[in-house]
Amino acid sequence: MHRSLLLSCFVFISFISLAQTSFNPETESDFVKAAYMKGNLINILGQDLIYPKDAAMNGTQGDVTFLLKIDKEGKLVSSVPKERVSDELANQAEEAIGKLTADWKPSKVHGEAVDREYLLVFSYKIFYNSLPVDYHAMAKKFEDKEKPEKAVRTYDDAIKNYPFEPVYYSMRAKYKNEVGDSEGAEADRLMAEKLNMEVLAVVKIAQSQSVR
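Cut-offs used in this document
- Residues numbered from 1 in each chain as written.
- Predicted model: local features only at pLDDT ≥ 70, side-chain atom pairs only at ≥ 80, totals over all residues.
- Heavy atoms only, no water.
- Helix = DSSP H or I, 4+ residues; strand = E, 2+ residues; numbered from the N terminus.
- Contact = heavy atoms within 4.5 Å.
- Axes fitted to C-alpha atoms, helices over the stretch in contact; angles between N-to-C directions.
- Parallel < 35°, antiparallel > 145°, perpendicular 65-115°, else oblique.
- Left-handed = near helix turned anticlockwise from the far one by under 90°.
- Patch = residues over 30% accessible without salt bridge, like charges linked within 9 Å, V, L, I, M, F, W, Y side chains within 5 Å.
- Areas by Shrake-Rupley, 256 points an atom, 1.4 Å probe, with all protein chains shown as cover.
- Salt bridge = Lys/Arg side-chain N within 4 Å of Asp/Glu carboxyl O.
- Lys, Arg positive; Asp, Glu negative; His and termini not counted.
- Charge placed at Lys NZ, Arg CZ, Asp CG, Glu CD.
- Buried < 20%, exposed > 50% of the residue type's maximum accessible area, 1.4 Å probe, protein only.

Colleague: Tell me about the environment of Val77, and please be specific about residues and values.
Modeller: Positionally, Val77 belongs in strand S4 (residues 76–83). Spatially, the C-alpha atoms of Val77 and Glu117 are 9.9 Å apart, while their sequence positions differ by 40 residues. Every residue in contact with Val77, bar those within four places of it in the chain, is listed here: Lys69 and Asp71.

Written as structure tokens, this is what we have:
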């Protein structure tokens, strides 16, 4: 448990460090994220990824992150590992990145193409005696029962497990507003906007295991 918390803190600090770079459009509306020319990046990166057998057996999980630089000409010029968790998981993720050989639509700020660095996250999770949680469906059930405070707690769990997913912050902001936490809602809204600009994609690789 402590190891998992330390890993979460490390990758989140990595994100904060990236967020403090000189790149700083005022709002997400001033910015267009780079896009891979051959299609949906998450689908392309995830199509050949399976949970490595040894890692699953050893209970190895966590976020593997890379810092990708895409220049204003639409070329992927560098890919630097930030958090590895394990060599086995990191090597698999690196191989997937190596298959990105097509050009990109470059990032734009105020309509001008710019060089830009992004975090790319591979999130490896093991679910024991269960399937991956559908946080949106769970929160919707609480919403239907008029229990927004439990929907907030649902997204607390989602963010603990997937700290780089902007949609979870956006949804928690919605329910925080409903329980009267306008300050917390605004903080979540701003975090969601920042993540949308700083994180290129989150690729989820899940493994369900039976334990007796």
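Colleague: Mind laying out the packing of helix H6 (residues 148–161) against helix H7 (residues 166–178), listing which residues take part and the relevant values?
Modeller: When two helices pack together, their arrangement is given by the angle between the helix axes and by the axis-to-axis distance. Running from N to C, H6 and H7 point in directions that differ by 155°, and their axes come no closer than 9 Å. Relative to H7, the element H6 lies roughly antiparallel. Here the hand of the crossing between H6 and H7 comes out left-handed. Across the interface between the two elements, Pro148, Ala151, Val152, Tyr155, Asp156, Ala158 and Ile159 from H6 touch Tyr168, Tyr169, Met171, Arg172, Tyr175, Lys176 and Glu178 from H7.

Colleague: Kindly report on a positive patch on the surface, identifying the contributing residues and their values.
Modeller: On the surface, a cluster of positive charge is made up of Lys141, Lys145, Lys147, Lys150 and Arg153. By the element assignment, Lys147 lies in the loop between helix H5 (135–144) and H6. You can call Lys147 partly exposed: its relative accessible area is 31%.

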